[in-house]
Amino acid sequence: MRVLVTGAAGYLGHAVVAALAERGHEPVAFVRDAAKAPRQAAATAVGDVEDPASLREAVRDVEGVCHLAARARVRESLADPLPYWRTNVNGTLNLLGALTDRDAPASLVLASTAAVYGTPTVQPISENAPIAPTNPYGATKAAADLAAANVAATGRLGAISLRAFNIAGAVDGHPDRDYTRLIPKVLAVQAGLAEELGVNGDGSAVRDFVHVADMAHAFVLAIEACTPGEWRAYNVGSGRETSINDVLAAAEQITGRPVRIKRNPPATEPRVLLADSRRIREELGWQAPNSDLSQILSDGWKALTSAYAAPE
């Protein structure tokens, strides 16, 4: 299958392009700068999801799209929500418009997020949990999911939304450079790229981490499973309970040095957020063989300290 990957130059985009190529598909990297296209891409299309014309041109000769291009920082979305609505919602609407202008139905897999659920009290979180986002990032992703579901219901495409929890690790020497996220920030501190890690409260909050390679494999399985006229949502998480303190201990063991931390007052955030990923395991056969915490941190550390991690 020839598959367009929006946001292909990003952290997850590199992994998805690599996974598609390894599976025998032809990934087309949709990027704003051709020089940043992943090396495994079969072709490159230059454009922007906020430019409908470039999307219409890019989808002309593909059978499917993995839609990753988005803004994805919770706190930033609270401070400046409009760019999130422009990119995450308008960008998705532009893509849906380009796909529905075609003669044949396409397959569409959207990168969604557990943030659409807000702060549910029942753990682990299943796909049946109410959609109740508590920030603009989650709200815009929920809106994009709903738009895709509405269009899929017309029969003009088949769509799947993959609701990721916490993606970490590295593929092909490409680390996550977003230091607003826990594991990238811990590794940046250990590499001397950041001064210290702020820890809210006692570090006992529990999160669900999934290796970026396992997340990318979910995209491959999903793009192969789309059915015209249908939209489905799948949670993608390891289901493993990992506390902030667990991450700190593992990082110290892997890097051989203590993590410099700054203790902050407890934050108003969920104590536990865990994925119920039984649906994607049962229906698509997805597994998370790489999502052990030590492998996630080891792969991220190797990538960050390798020659591939030179400043972009």
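Before any of the text, the structure's been laid out above.
Moving on to the pattern of salt bridges. Where charged atoms from two side chains of opposite charge come close, those side chains can pair. Applying the stated criterion to the full structure yields 15 salt bridges. Between D178 and R73 there is a salt bridge, and its shortest N-O distance comes to 3.2 Å. Here D178 is found in the loop between strand 7 (166-168) and helix 6 (182-190), whereas its partner R73 is found in the loop between strand 4 (64-67) and helix 3 (74-79), with 105 residues between them in sequence. Residues R232 and E230 are paired through a salt bridge, measuring 4.0 Å at the closest nitrogen-oxygen approach. Judged by relative accessible area, which is 38%, E230 ranks as partly exposed. Connected through salt bridges with shared partners, the residues R73, D176, D178 and R181 form a single ionic network.

This part covers helix 1 (residues 11-23). Between its terminal C-alpha atoms helix 1 stretches 19 Å, which fits the 18 Å expected from 13 residues at 1.5 Å a residue. In terms of burial, helix 1 is a largely internal element, 10 of the 13 residues being buried. If you check which residues of helix 1 are buried, you get Y11, L12, G13, H14, A15, V16, V17, A18, A19 and L20. In this structure, the buried side of helix 1 is in contact with strand 1 (2-6), strand 2 (26-31), strand 4, strand 7 and helix 7 (212-225).

Okay, the packing of helix 6 against helix 8 (residues 244-255) next. Two elements in contact, helix 6 and helix 8, have axes whose closest approach is 11 Å; the angle formed by their N-to-C orientations is 35°. Between helix 6 and helix 8 the crossing geometry is right-handed. Every residue of helix 8 that contacts helix 6 at L182, I183, V186 and Q190 is listed here: I244, V247, L248, A251 and T255. Across the contact of helix 6 with helix 8, the residue classes break down as seven nonpolar, two polar and no charged.

The next thing to look at is the environment of P27. By secondary structure assignment, the location of P27 is in strand 2. Not counting chain neighbours up to four residues away, the residues in contact with P27 comprise V3, V17, L20, A21, Q40, A41, A42 and A43.

Among the structural elements, T6 can be located in strand 1. Classification of T6 as buried rests on a relative accessible area of 0%. A distance of 2.8 Å separates polar atoms of two side chains, one belonging to T6 and the other to H67. At 2.9 Å, the side chain of T6 forms a polar contact with the backbone nitrogen of L68.

Another aspect to go through is the packing of helix 1 against helix 7. Interaxial distance between helix 1 and helix 7 falls to 8 Å at its minimum, and their mutual angle equals 55°. Looking at the two axes, helix 1 sits oblique to helix 7. In the packing of helix 1 onto helix 7, the handedness of the crossing is right-handed. Contacts between helix 1 and helix 7 involve Y11, L12, A15, V16, A19, L20 and R23 on the former and, on the latter, V212, M215, A216, H217, F219, V220, L221, I223 and E224. Looking at the contact of helix 1 with helix 7 residue by residue, the classes come out as 13 nonpolar, one polar and two charged.

So, about the pairing of strand 5 (residues 106-113). Buried residues dominate strand 5, accounting for eight of its eight residues. Of the two faces of strand 5, both are covered, the one formed by A106, L108, L110 and S112 as well as the one formed by S107, V109, A111 and T113. Summarising the sheet, strand 4 and strand 5 pair through four bridges and their orientation is parallel. Considered in strand 5, the bridge of G64 is made with S107.

Read from one edge of the open sheet, seven strands run 3-2-1-4-5-6-11, paired in parallel fashion. Edge positions in the sheet fall to strand 3 (43-46) and strand 11 (231-236), since each has one partner strand and no second. Geometrically, the sheet is characterised by an average inter-axis angle of 20° between neighbouring strands, direction not taken into account. Against the sheet, helix 1 engages strand 1, strand 2 and strand 4, with an angle of about 170° to strand 1.

With that settled, the discussion passes to the side chain of T100. Here T100 shows up in helix 4 (residues 82-100). Discounting residues that sit within four places of it in the chain, T100 has contacts with V151 and R156.

Another point: the environment of A139. Within the secondary structure layout, A139 lies in helix 5 (residues 136-152). Residue A139 is classed as partly exposed on the basis of its relative accessible area, which comes to 22%. The spatial distance from the C-alpha of A139 to the C-alpha of P228 is 26 Å, given a sequence separation of 89 residues. In contact with A139, other than residues within four places in its own chain, are W85 and P133.

Turning our attention to the nonpolar core. Membership of the largest hydrophobic core comes to 40 residues, with the highest contact counts inside it found for V16, C66, L162 and F219. When contributions to this core are tallied by element, the ones reaching two or more residues are strand 1, helix 1, strand 2, strand 5, strand 6 (157-164), helix 7, strand 11 and helix 9 (278-284). Once residues lying within four places of it in the same chain are set aside, the contact partners of C66 are V3, L4, V5, T6, V16, L20, V109, F219 and I223. Formed by 24 residues, the second largest nonpolar core is a distinct cluster that contains A45, A69, A98 and V151.

Cut-offs used in this document
Residues numbered from 1 in each chain as written. Predicted model: local features only at pLDDT ≥ 70, side-chain atom pairs only at ≥ 80, totals over all residues. Heavy atoms only, no water. Salt bridge = Lys/Arg side-chain N within 4 Å of Asp/Glu carboxyl O. Helix = DSSP H or I, 4+ residues; strand = E, 2+ residues; numbered from the N terminus. Buried < 20%, exposed > 50% of the residue type's maximum accessible area, 1.4 Å probe, protein only. Expected span 1.5 Å × (residues − 1). Contact = heavy atoms within 4.5 Å. Axes fitted to C-alpha atoms, helices over the stretch in contact; angles between N-to-C directions. Left-handed = near helix turned anticlockwise from the far one by under 90°. Nonpolar A, V, L, I, M, F, W, Y, C, P; charged D, E, K, R; others polar. Polar contact = N/O pair within 3.5 Å; in protein donor to acceptor, adjacent residues only side chain to side chain. Parallel < 35°, antiparallel > 145°, perpendicular 65-115°, else oblique. Pairing = 2+ DSSP bridges. Core = buried A, V, L, I, M, F, W, Y, C linked by side-chain atoms within 4.5 Å.

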